[in-house]
Amino acid sequence: MGPRHCPSPCPHHSKGSGSEWEEVTGRPSDVRIMAGKVKWVTDIEKSVLINNFEKRGWVQVTENEDWNFYWMTVQTIRNVFSVETGYRLSDDQIVNHFPNHYELTRKDLMVKNIKRYRKELEKEGSPLAEKDENGKYLYLDFVPVTYMLPADYNLFVEEFRKSPSSTWIMKPCGKAQGKGIFLINKLSQIKKWSRDSKTSSFVTQSTKEAYVISLYINNPLLIGGRKFDLRLYVLVSTYRPLRCYMYKLGFCRFCTVKYTPSTSELDNMFVHLTNVAIQKHGEDYNHIHGGKWTVNNLRLYLESTRGKEVTGKLFDEIHWIVVQSLKAVAVNASPSLTSSTANDRILKYNLINDTLNIAVPNGEIPDCKWNKSPPKEVLGNYEILSCAFLHRPGARMLMERGGYDEELAQGDGADRELRSRQGQSLGPRGGRSRDSGRTVLTTWK
Amino acid sequence: MLQEESDLSLVIAQIVQKLKGSNLYAQLERQAWASLQRPEIKLESLKEDIKEFFKISGWEKKLQNAVYSELSVFPLPSHPAAPPEHLKEPLVYMRKAQGSWEKRILKSLNSMCTELSIPLARKRPVGEQKELLNKWNEMGTDEPDLSLFRPVYAPKDFLEVLINLRNPNYENGDSLSFRTHLGLIQVPLKVKDIPELKEFFVELGLTTGQLGIDDSTQVPPELFENEHVRIGQKVLAEQDSAAAQQYIRQGSPTALRAELWALILNISSQPEDILYYEQLKTNVIQHDLLVDSLIYKDVKLTASNDDYYFVFEDYLYQVLLCFSRDTSVLGHFAYNSASPPRSYIRGKLGLEEYAVFYPPNGVIPFHGFSMYVAPLCFLYHEPSKLYQIFREMYVRFFFRLHSISSHPSGIVSLCLLFETLLQTYLPQLFYHLREIGAQPLRISFKWMVRAFSGYLATDQLLLLWDRILGYNSLEILAARAYCQLL
């Protein structure tokens, strides 16, 4: 007992699904008679998923039967939607990944997509692609200088020679959890990739060996002298129009060892990489808190030590990056559903709960014709990512409770045109009013 | 009337005496001398002109803040002939109880010392000094063998002592009446009842805006939050301690909190302060104290495992190790019922000339002590500032949570206040808990001793500590504990 508040799973009762259990005889075809109960399948045995399905009273079926909701692993998606099988979802089916999710998770594809997106905007003459006098993007500069290896090896060398004392980070394209990442500060350390690009043919280059190399940011924000990263959950319910939601309860992952930019510690992965999978094996890893902070903690710390404006700007820009990345590409990917601590389990349970509430509102059978934005009550801990002024010249992120909902954004467009002539300030529908116009920054909240 | 006046002049004289030795005085003198160069200062009206100059340049405000700060810690007015023990604690039986408790603690410390054959203090060899200096920013990675050390005491041990406190002059009578106190604390101290609390905490009333409640997302910021923030910024611009203290009763905006607390506690990081901290650091490097191991153990057991504070582990060592060596802390024992333990140079037991205070600051840490520092890490990341703020919080407030005294903010009064509130306003709950053998104080005691650190989410905790500063009292802790059981 104690006053400390731990988030507890909130009992959600599926209201208004209007469905009643009916007598069934047990034959597979009778499953359809259970009108209204969502039928689910999963090939991932994780309690945070299964508990959520069960508490909604959904019915578990196998993949060969008629199902409405399939939470599948990345491999399964690949198989299900591969060109050979030609499988198509029917109107009452939903899965948890878009078919081309890997466009967002594979590092080389992501880089390609962003570079292409920027060029497209530039060609269209979009104000978002505006550059400053040094040729740097004003609003789309959120990826450090990156090249693909071995393809761009020569381009990389040219860049490397411009600032030979810089550090670069090598990341394998197809791996996760920090596997295979290392830092370099000398060309000799990546000679391997130069040999390949000169001698090997296209056939022998396996995608497994493809890497991206980025300029390493060696002055990261440190807290308690430690480096950390952010794990945020974003849900994309439809791509056209783009509807995405950011889960408010993301978290920060800290390194267990103090950060030092000293080159002697380049090999010490505990200093530089924050993935839990790696930190877990460090001596100082703590199993009670798992080296994690909630994003709210981070916010409190930053507001207290740096002020509200700076903190607001930070979160605005994070949201901006998320939305722009999604626009550049079309997908999401599979978050880790393994829970490392008790708090973690609770977080992920609630996350899936809120996700399902949005994706399958009221426990209704999915219908591809669904087009409404979900009402505010079902958002749970998600917030809509909205950039009502996405297309407005000079406008940046402005969320506050916002999320991105393209329809809402476009809906505002007409209003915007009208009012801007009268010089009034506008705000996202239903939100607090904000300054519009040429300001590059707007204050968070 | 005359008595009041002479009391006042006594107080003034004492404060003047105190401030004369301070750095501020030296600065004011310097400023006064320098101002003679200014054209507006004329010889005929020297005094008024300099006063005017101080006012305009903000030095008068600094002086006001310093005086206000002294007044906040100044002990309650007492008879001029009262001996110094009375300033510490007026009631004899309380003093005696504190004395025996201290003896027990010291005994425990000494026996640990003997068992482990570790000296209370030793000078570090040069090699070890160098090593420690290199590791200064990451002492958390050190893994000394602490298995043999145990905390000198834990809050529950202290609670047992408080439960057995009795006033020998007070006869309870055998018959139970509705006035019988059913709680664990059995000493007749005067504590506030709800009407008095309402009056004392008037700014926390339902009709006054509060941060933490009236700035939630459902409430439009125009109603309260925006204006409150604006006022806060104004208070900071004016650099007025007293105004800040009044303002913060309604809670502090997160972005202004660090500065407001510093203003209220009258902390400004002068070069002398930074130098002083560096000196303490040098002491840590040169000498190893037994209490250092107790500190390490405490941090590892408490803050390192905390969801919010584990990040700041290294700062905690940097603050607490220095704190143990800070002899300026000894000053607070003038108004603390506790007294610093004494130790004697080896072989000179009993000889006054060879007596030293141990640890140098006179404060022996107990289990959970490091949690007093941890929340402050959310506000200050510069070690010497963090240190100053913590030290001031300790000598103004925290010491009262683990010493036996009759002070209204002392832990005994807080316990009694908590129990009285519960018995008066939630008698059924109180009685029921007693019946099932779960005296509510046993649950809430540890919350109050730690000022709720580690038991509340940090943002809530900081709002609570805002009120401690605002009302210059710890009674809010008892009220909070009572509310927790509602």
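Below is a summary of the structure that appears in this document. (Residues numbered from 1 in each chain as written. Chains lettered and ligands numbered in written order. Predicted model: local features only at pLDDT ≥ 70, side-chain atom pairs only at ≥ 80, totals over all residues. Heavy atoms only, no water.)

### Regarding a nonpolar patch on the surface
On the surface, W33(B), L36(B), L43(B) and L46(B) cluster together into a nonpolar patch covering about 460 Å² of accessible area. You can see L46(B) is positioned in helix α3 (residues 46-57). (Patch = residues over 30% accessible without salt bridge, like charges linked within 9 Å, V, L, I, M, F, W, Y side chains within 5 Å. Areas by Shrake-Rupley, 256 points an atom, 1.4 Å probe, with all protein chains shown as cover. Salt bridge = Lys/Arg side-chain N within 4 Å of Asp/Glu carboxyl O. Helix = DSSP H or I, 4+ residues; strand = E, 2+ residues; numbered from the N terminus.)

### Remarks on the interface of chain A and chain B
The parts lose accessible area when they come together, and the size of an interface is often stated as this lost area. Of the residues lining the interface, 28 residues belong to chain A; the matching set on chain B comes to 37 residues. Across the chain A/chain B interface, buried area totals approximately 2900 Å², and carbon plus sulfur atoms make up 54% of it. Linking chain A with chain B are two salt bridges. One salt bridge connects K308(A) with E225(B), and the closest N-O pair in it is separated by 3.6 Å. There are three residue pairs in polar contact (both at pLDDT 80 or more) connecting chain A and chain B. Elements represented by at least two residues in the side of chain A that touches chain B include exactly β13 (292-294) and α9 (295-306) of chain A. (Contact = heavy atoms within 4.5 Å. Buried area = accessible area lost by both parts, 1.4 Å probe. Polar contact = N/O pair within 3.5 Å; in protein donor to acceptor, adjacent residues only side chain to side chain.)

### Here's the deal with the packing of aromatic side chains
Inspection of the entire model under this criterion finds 51 aromatic pairs over all chains. On the numbers, 5.8 Å between centres and 20 degrees between planes, the contact of F53(A) with W58(A) is stacked. Note on accessibility: F53(A) and W58(A) belong to one class, buried. Each ring, one from F369(B) and one from F390(B), has its centre 6.5 Å from the other, and the planes form 90 degrees; the classification is edge-to-face. Of this pair, F369(B) sits in the loop between β4 (355-357) and α16 (383-396) while F390(B) sits in helix α16, and the two are 21 residues apart along the sequence. By the burial criterion, F369(B) is buried, and F390(B) matches it. For the cation-ring pair, R56(A) lies above W58(A), with the distance from its terminal atom to the ring centre recorded as 5.7 Å. Positioned above the aromatic ring of F452(B) is the side chain of R480(B), whose terminal nitrogen or guanidinium carbon lies 5.7 Å from the ring centre. (Phe/Tyr/Trp six-rings, centres within 6.5 Å; stacked < 30°, edge-to-face > 60°. Buried < 20%, exposed > 50% of the residue type's maximum accessible area, 1.4 Å probe, protein only. Lys NZ or Arg CZ within 6 Å of the ring centre and 35° of its normal.)

Nothing here speaks to function; it is geometry throughout.
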